[in-house]
Amino acid sequence: KDQVFQPSTVASSEGAVVEIFCNHSVSNAYNFFWYLHFPGCAPRLLVKGSKPSQQGRYNMTYERFSSSLLILQVREADAAVYYCAVCRSNDYKLSFGAGTTVTVRA
Amino acid sequence: GAGVSQSPSNKVTEKGKDVELRCDPISGHTALYWYRQSLGQGLEFLIYFQGNSAPDKSGLPSDRFSAERTGGSVSTLTIQRTQQEDSAVYLCASSLPEGTGGYNEQFFGPGTRLTVL
């Protein structure tokens, strides 16, 4: 069964770098996707790809079966749920992890 | 431009009633997806549409769940004889057609929170 694993919670302090690790068992995985979700709002794509990439304060590392999202200079406003998702090269479907709740102390 | 919209934003219903949830995808997005997020759980895939066809219904949890899409645009997710375990946030997403640059980037709506009493 395709599964995507990520920690349930990560705690941090303002100004630090937050790292959220994700690994999976999806065969023929092609891309990782990292989504930000504030409950009650639409999940928003932060960064995606099949290689390391950066979008603003968000860095994504890439290995065949794992990826990390790094949030640089984390702020209290970054406290939210972050989802890791994986898709296959021959498929449309995203397999999502259970989400990581990031908390940020002032 | 307009994003994916869903209605209603909240729905409270009694056990045994039927409910309909609506999704309006981004214009030009032929792919449409429904997900469910139960309390404390991740996003659970329900069904995928390409145009008006649903080639993958594998995530629908029971025959009480059905979905349709008309005109390659609006989609409706129907839950018949609702049960308390159906309580969740139902999210819809859309994406560009296969083969287009950006395919597989799914744009989400804000979701419908369903509460079954």
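Definitions and cut-offs
- Residues numbered from 1 in each chain as written.
- Chains lettered and ligands numbered in written order.
- Predicted model: local features only at pLDDT ≥ 70, side-chain atom pairs only at ≥ 80, totals over all residues.
- Heavy atoms only, no water.
- Contact = heavy atoms within 4.5 Å.
- Buried area = accessible area lost by both parts, 1.4 Å probe.
- Salt bridge = Lys/Arg side-chain N within 4 Å of Asp/Glu carboxyl O.
- Polar contact = N/O pair within 3.5 Å; in protein donor to acceptor, adjacent residues only side chain to side chain.
- Helix = DSSP H or I, 4+ residues; strand = E, 2+ residues; numbered from the N terminus.

1. Some remarks on the interface of chain B and chain A
Counting from both sides, the interface comprises 19 residues of chain B and, opposite them, 18 residues of chain A. Both sides of the chain B and chain A interface together cover about 1,500 Å² of buried area, and 57% of this is carbon and sulfur. Linking chain B with chain A are 1 salt bridge. The salt bridge involving E105(B) is made with K48(A); its shortest N-O contact spans 3.4 Å. Taken together, the connections running from chain B to chain A amount to 3 residue pairs in polar contact (both at pLDDT 80 or more). Mapped by element, the contributors of at least two residues to the side of chain B that touches chain A are β4 (31–37) and β5 (43–50) of chain B.

2. A look at unusual backbone geometry
With omega at -10°, the peptide bond leading from S7(B) into P8(B) counts as cis. Checked against the element boundaries, P8(B) lands in the loop between β1 (5–7) and β2 (10–13). Backbone geometry at N28(A) places phi at a positive 55°, although glycine is not the residue there. Among the secondary structure elements, N28(A) is positioned in the loop between β3 (18–24) and β4 (29–37). Of note, the phi angle at Q73(A) is positive, near 45°, even though the residue is not glycine.

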